[in-house]
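Architecture and fold: a report
The lines below spell out each chain.
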Amino acid sequence: MSDNIQTVTVLSKTTWTPNLFSFTVSRPDSFKFTAGQFVRLGVNPSQLKYYQQTDASDEVSDTALNEDVFRAYSIVSSPFDEVIEFFSIVIPDGAFTSQLQHLQVGDELLLNTMPFGFLTLARYQKPLPKDLWLLATGTGLAPFLSMLQDLKTWEDYEHIVLAYSARSTEELAYVEKIESLQEDFGTLVDNPANLIFIPIVTREPVEGALSERLPKLLLEGTLQARAGIALDIDTTHVMLCGNPDMVEDTKEALKTLGLVMNRRGEGNIAVENYW
Ligand SMILES: Cc1cc2nc3c(=O)[nH]c(=O)nc-3n(C[C@H](O)[C@H](O)[C@H](O)COP(=O)(O)OP(=O)(O)OC[C@H]3O[C@@H](n4cnc5c(N)ncnc54)[C@H](O)[C@@H]3O)c2cc1C
Ligand SMILES: NC(=O)c1ccc[n+]([C@@H]2O[C@H](COP(=O)([O-])OP(=O)(O)OC[C@H]3O[C@@H](n4cnc5c(N)ncnc54)[C@H](OP(=O)(O)O)[C@@H]3O)[C@@H](O)[C@H]2O)c1
């Protein structure tokens, strides 16, 4: 086993829908990361209580049962939290999440403690513009929750727009937490950013939420109107995370609006694809 891989224990689990859940694990003392980064998590089905307590192991072949499967996972919690939190999809035939969905408190997972990823605010050169736009679909919300629990983010910007798109209301996870972020973090610094949360639900009408996909909302100016601020090459950083089709289409929409990809610290747009 690589030196970077450590065993962590599941401390809590929250089920949002049959296909979405969050969980926390113990944090190894030496593990450090920057808000927005991801790690590789590993599961070995035979280590899960579910397989030990039931005859569910019949569902999994002997070889698969003893194989570690690793996947990239963004960290939800802040770099200052004592535990590490993750937000996961369940893909019924997915090699990783078809096992991970059975997690119970007390189960052990493998954590590669080498953090990866450049979807962090440190990638932008100073001076920073005044507005930060965080655009997510599904579990792509995770890195933005970590950033929004880091006081530095609140200090560095004037406005932070979080637009979060899911198919249905029940899949719009973490809404209560998002709604308390301004109070919980924004009050801890001088001149905090103003957080503007824009929920988007695309497959059912929901009062208070927008209903179109992000690229359309941007090109029509609906998102900017709801936020009450303009998207401008000189005043805006934009981060995109989640569904690769959303990332691609939204990137193109933003370029049409005059924004440019962030390279070597300069430019507006930074992205992370989940598959
Ligand atoms: C940088 C990075 C960070 C990631 N962070 C997260 C995270 O925080 N939470 C998380 O749930 N996943 C995250 N993923 C995806 C994750 O690595 C796995 O793909 C996911 O756990 C499914 O694994 P699987 O083996 O069950 O299915 P896979 O074989 O990996 O995927 C099968 C298919 O499922 C779909 N899919 C995969 N992941 C997702 C997803 N998150 N949401 C919707 N559809 C998906 C895609 O169509 C994919 O082709 C991240 C991926 C990357 C590259
Ligand atoms: N959600 C479920 O009920 C469900 C159930 C079983 C399996 N799955 C599997 O899970 C995966 C998807 O899960 P998910 O619902 O979290 O992710 P998703 O399909 O990425 O949908 C999340 C949000 O992203 C939006 N979106 C998708 N493509 C976009 C684009 N090109 N531009 C802008 N927005 C875009 C969706 O809008 P639209 O609604 O317009 O697409 C939705 O609002 C798939 O593999 C699916 O088969 C999902």
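No experiment lies behind these values; they were computed from the predicted model shown. (Residues numbered from 1 in each chain as written. Chains lettered and ligands numbered in written order. Predicted model: local features only at pLDDT ≥ 70, side-chain atom pairs only at ≥ 80, totals over all residues. Heavy atoms only, no water.)

**Side note on the sheet that holds strand 7 (residues 131-137)**
- Taken together, five strands build an open sheet; the order of strands is 9-8-7-10-11 and the sheet is parallel. Every other strand in the sheet has two partners, leaving strand 9 (194-201) and strand 11 (269-273) as the edge strands with one partner each. The mean inter-strand angle of the sheet, taken between neighbouring strand axes irrespective of direction, is 10°.
- As paired strands, strand 10 (residues 236-242) and strand 11 are joined by five bridges and run parallel to one another. Residue pairing across strands places cysteine 241 opposite glutamate 272, the latter belonging to strand 11.
- Lying on the sheet, helix 6 (residues 175-184) is in contact with strand 8 (159-166) and strand 9; it crosses strand 9 at an angle near 160°.
- Relative to strand 10, helix 9 (residues 244-256) is tilted by about 160°, and along the sheet it contacts strand 7, strand 10 and strand 11. (Pairing = 2+ DSSP bridges. Helix = DSSP H or I, 4+ residues; strand = E, 2+ residues; numbered from the N terminus. Axes fitted to C-alpha atoms, helices over the stretch in contact; angles between N-to-C directions. Contact = heavy atoms within 4.5 Å.)

**Thoughts on the site of ligand 1**
- Around ligand 1 there are 18 residues in total, and Ala72, Tyr73, Phe87, Thr97 and Thr139 lie nearest to it.
- Alanine 72 has a polar backbone atom sitting 2.7 Å from an oxygen atom of ligand 1.
- Isoleucine 89 is positioned such that a nitrogen or oxygen atom in its backbone is 2.9 Å from an oxygen atom of ligand 1.
- For ligand 1, the accessible surface in isolation is 860 Å², of which the surrounding protein chains cover 76%.
- Elements that contribute at least two residues to the shell around ligand 1 include exactly strand 4 (69-74), strand 5 (83-89) and strand 11.
- No other element matches the four residues that strand 4 contributes to the shell around ligand 1.
- Split by residue class, the shell around ligand 1 holds 10 nonpolar, six polar and two charged. (Near = heavy atom within 4 Å. Polar contact = N/O pair within 3.5 Å; in protein donor to acceptor, adjacent residues only side chain to side chain. Areas by Shrake-Rupley, 256 points an atom, 1.4 Å probe, with all protein chains shown as cover. Nonpolar A, V, L, I, M, F, W, Y, C, P; charged D, E, K, R; others polar.)

**Topic: the site of ligand 2**
- The immediate surroundings of ligand 2 are formed by 18 residues, with Ser165, Thr202, Arg203, Arg213 and Asn243 found nearest.
- At 2.6 Å, a side-chain N or O of arginine 203 approaches an oxygen atom of ligand 2.
- One of the side-chain nitrogen or oxygen atoms of asparagine 243 is found 2.7 Å away from an oxygen atom of ligand 2.
- Coverage of ligand 2 by the protein chains reaches 75% of its 870 Å² of free accessible surface.
- Looking at the shell around ligand 2, the elements that each hand over two or more residues are strand 8, helix 7 (214-220) and helix 9.

**Focus: the domain arrangement of the protein chain**
- Here the protein chain is described as being made up of domain 1 (5-116) and domain 2 (121-271).
- Relative placement of domain 1 and domain 2: their C-alpha centres are 27 Å apart.
- Counting residues at the interface gives 20 residues for domain 1, matched by 15 residues for domain 2.
- Of the roughly 1,400 Å² buried between domain 1 and domain 2, counting both surfaces, carbon and sulfur atoms make up 65%.
- Between domain 1 and domain 2 we count zero salt bridges in total. (Domains from an automatic or database assignment. Buried area = accessible area lost by both parts, 1.4 Å probe. Salt bridge = Lys/Arg side-chain N within 4 Å of Asp/Glu carboxyl O.)

**Things to note about the sheet that holds strand 3 (residues 38-43)**
- Read across the open sheet, the six strands follow the order 4-3-6-1-2-5; overall the sheet is antiparallel. Every other strand in the sheet has two partners, leaving strand 4 and strand 5 as the edge strands with one partner each. Going from strand to strand, the sheet's axes swing by 40° on average, the running direction of each strand aside.
- Bridge analysis of strand 1 (residues 5-17) against strand 6 (residues 108-116) gives five bridges, and the strand direction is antiparallel. The residue bridging threonine 7 from the neighbouring strand is leucine 110, located in strand 6.

**Quick notes on the nonpolar core**
- Counting 37 residues, the largest nonpolar core has Phe87, Leu134, Leu141, Phe144, Leu162, Ile178 and Met239 as its most contacted members.
- Only strand 7, helix 4 (142-147), strand 8, helix 6, strand 9 and strand 10 provide two or more residues apiece to this core.
- When residues are assigned to domains, this core turns out to be shared by domain 1 (5-116) and domain 2 (121-271), each giving three or more.
- By size, the runner-up hydrophobic cluster in this structure holds 26 residues, among which are Val69, Phe86, Leu100 and Leu111. (Core = buried A, V, L, I, M, F, W, Y, C linked by side-chain atoms within 4.5 Å. Buried < 20%, exposed > 50% of the residue type's maximum accessible area, 1.4 Å probe, protein only.)

**Some remarks on the side chain of serine 78**
- Structurally, serine 78 is set in the loop between strand 4 and strand 5.
- Classification of serine 78 as buried rests on a relative accessible area of 3%.
- Ignoring anything within four residues of it in the chain, the contact list for serine 78 reads Arg27, Phe33, Ser146 and Gln149.

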